[in-house]
Amino acid sequence: MPLISPSLLASDFANLQSEVEMINNSTADWFHVDVMDGSFVPNISFGLPSVKAVAKHATKPLDVHLMIVNPDQYIKAFKAAGAAYLTVHYEACTHLHRTIQAIKAEGMRAGVALNPHTPVNVLEEVINDLDLVLIMSVNPGFGGQSFIEAAIEKTRKLKALITEKGANTLIEIDGGVNTETGARLVEAGADALVAGSFVFKSENPAATIADLKAL
Ligand code: DX5
Ligand code: ZN
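Conventions we followed
Residues numbered from 1 in each chain as written. Chains lettered and ligands numbered in written order. Predicted model: local features only at pLDDT ≥ 70, side-chain atom pairs only at ≥ 80, totals over all residues. Heavy atoms only, no water. Pairing = 2+ DSSP bridges. Helix = DSSP H or I, 4+ residues; strand = E, 2+ residues; numbered from the N terminus. Axes fitted to C-alpha atoms, helices over the stretch in contact; angles between N-to-C directions. Contact = heavy atoms within 4.5 Å. Buried < 20%, exposed > 50% of the residue type's maximum accessible area, 1.4 Å probe, protein only. Donors = N, O, S within 2.8 Å, 3.2 Å for Na, K, Ca; no water. Tetrahedral: all angles 85-135°; square planar, octahedral: opposite > 155°, others 65-115°. Near = heavy atom within 4 Å. Polar contact = N/O pair within 3.5 Å; in protein donor to acceptor, adjacent residues only side chain to side chain. Areas by Shrake-Rupley, 256 points an atom, 1.4 Å probe, with all protein chains shown as cover. Right-handed = clockwise from strand over helix to strand, strands pointing away. Lys, Arg positive; Asp, Glu negative; His and termini not counted. Salt bridge = Lys/Arg side-chain N within 4 Å of Asp/Glu carboxyl O. Phe/Tyr/Trp six-rings, centres within 6.5 Å; stacked < 30°, edge-to-face > 60°.

## Let's talk about the sheet that holds strand S4 (residues 83-89)
Part 1 of the argument: With parallel pairing, eight strands are arranged side by side in an open sheet as S1-S8-S7-S6-S5-S4-S3-S2. What marks the edges here is a single partner per strand, and that holds for strand S1 (3-6) and strand S2 (31-36). Strand-to-strand twist of the sheet, defined as the mean angle between neighbouring strand axes without regard to direction, takes the value 25°.
Part 2 of the argument: Bridge count between S2 and strand S3 (residues 62-67): six bridges; the pairing is parallel. Residue pairing across strands places Phe-31 opposite Leu-62, the latter belonging to S3.
Part 3 of the argument: In the packing of helix H4 (residues 96-105) onto the sheet, the strands contacted are S4 and strand S5 (109-114), and the crossing angle to S5 comes to about 145°.

If you want it as structure tokens, here you go:
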């Protein structure tokens, strides 16, 4: 049974509180919150005040995915806003080791996201420090894109690296996840699945979350 992290990016922002409550009352495990800066990715989503507003109503941990340059600058602020997991992009961090330690020093779980072109072996030296690795199965920036098949093999490679290093790191996959791709990802070793449009564009989001949870 994978952990399920519905992505609020696909939710109805004008009814955020009821969307949050739907997730509270579902079998979801986390809230996936996508923060974009219009610089690291060609889109802008929501920022700190919105994360804080979600945290006020959420009864499950906030899994915050930072698609921003200079994430180090905002680590304390995201802790204050209510993040439980804070994930930064490998491609946005020159001093990744330091960034990971800074996230953990704030009492959050540390995650690193990999763009589709970034191989998993770049994490070899830090994998034992990581609580989570987020494999992007689309190019970050937008919901509703189609799944990049190579993410399956990448999940297998990451699982092998984690096992080899004896690490205690969760594998989470983000982008184009539905019950079909989700089942294959779980089989390949994924521990957590992010799903945006598949959940929120469905007729019954809570039932869709339950379908993913049952994989
Ligand atoms: C994309 C975001 C995703 C997005 C996924 O940059 O990181 O979390 O919401 O959306 P779907 O599930 O629709 O591909
Ligand atoms: Zn995301």
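After that view, the rundown keeps rolling.
## With respect to unusual backbone geometry
Part 1 of the argument: With a phi close to 50°, Asn-70 is a non-glycine residue in the positive phi region.
Part 2 of the argument: Inspection of the secondary structure assignment puts Asn-70 in the loop between S3 and helix H3 (75-81).
Part 3 of the argument: Residue classification places Asn-70 among the partly exposed positions, given a relative accessible area of 48%.

## Some thoughts on the coordination of the zinc ion (ligand 2)
Part 1 of the argument: Donor atoms from the polypeptide that bind the zinc ion (ligand 2) are His-32 (NE2), Asp-34 (OD), His-65 (ND1) and Asp-174 (OD), placed at 2.0 to 2.3 Å.
Part 2 of the argument: Around the zinc ion (ligand 2) sit six donor atoms, and with donor-metal-donor angles ranging over 71 to 169° the site reads as octahedral.
Part 3 of the argument: Taken in sequence order, the residues that donate to the zinc ion (ligand 2) follow the motif H-x1-D-x30-H-x108-D. Of this pair, His-65 sits in strand S3 while Asp-174 sits in strand S7 (residues 170-174), and the two are 109 residues apart along the sequence.

## Some remarks on helix H1 (residues 16-24)
Part 1 of the argument: Of all the residues in H1, the buried ones are Leu-16, Glu-19, Val-20, Met-22, Ile-23 and Asn-24.
Part 2 of the argument: As for H1, its buried residues are in contact with S1, S2, helix H2 (48-57), helix H7 (197-200) and helix H8 (205-213).

## What to know about the site of ligand 1
Part 1 of the argument: Near ligand 1 there are 19 residues, and of these Ser-7, Gly-141, Asp-174, Gly-196 and Ser-197 occur at the shortest range.
Part 2 of the argument: Within the contact set of ligand 1, an oxygen atom lies 2.8 Å away from a side-chain nitrogen or oxygen of Asp-34.
Part 3 of the argument: A distance of 2.7 Å separates an oxygen atom of ligand 1 from a polar side-chain atom of Asp-174.
Part 4 of the argument: When the free accessible area of ligand 1 is taken as 380 Å², the share hidden by the protein chains comes to 98%.
Part 5 of the argument: Secondary-structure elements contributing two or more residues to the shell around ligand 1 are S2, S3 and strand S8 (192-195).

## As for the pairing of S7
Part 1 of the argument: Counting buried positions along S7 yields four of five residues, so the element is predominantly enclosed.
Part 2 of the argument: Summarising the sheet, strand S6 (residues 132-136) and S7 pair through five bridges and their orientation is parallel. Along S7, the bridge assignment pairs Met-136 with Asp-174.
Part 3 of the argument: In terms of handedness, the path from S6 via helix H5 (residues 150-165) over to S7 forms a crossover that is right-handed.
Part 4 of the argument: Looking at chain direction, S7 and S8 are connected through three bridges and run parallel. Residue Glu-172 lies in a different strand from S8, and its bridge partner there is Ala-192.
Part 5 of the argument: Tracing the backbone out of S7, into helix H6 (residues 179-188) and back to the parallel element S8 gives a crossover that is right-handed.

## Points about the side chain of Asp-63
Part 1 of the argument: On the secondary structure map, Asp-63 appears in strand S3.
Part 2 of the argument: An unpaired buried charge is present at Asp-63: no salt bridge exists, and Arg-109, the closest side chain of opposite charge, is 11 Å distant.
Part 3 of the argument: Every residue in contact with Asp-63, bar those within four places of it in the chain, is listed here: Ser-5, Trp-30, Phe-31, His-32, Val-33, Tyr-85, Glu-172 and Val-194.

## Quick word on the packing of aromatic side chains
Part 1 of the argument: If you walk through the whole model with that rule in mind, you get two aromatic pairs.
Part 2 of the argument: With a centroid separation of 5.1 Å and 40° between ring planes, the pair formed by Phe-13 and Phe-46 is classed as tilted. Residue Phe-13 is found in the loop between S1 and H1, and its partner Phe-46 is found in the loop between S2 and H2; the two are separated by 33 residues along the sequence.
Part 3 of the argument: Overall, Phe-13 belongs to the partly exposed group, its relative accessible area being 40%.
Part 4 of the argument: On the basis of relative accessible area, Phe-46 is assigned to the buried category, the value being 7%.

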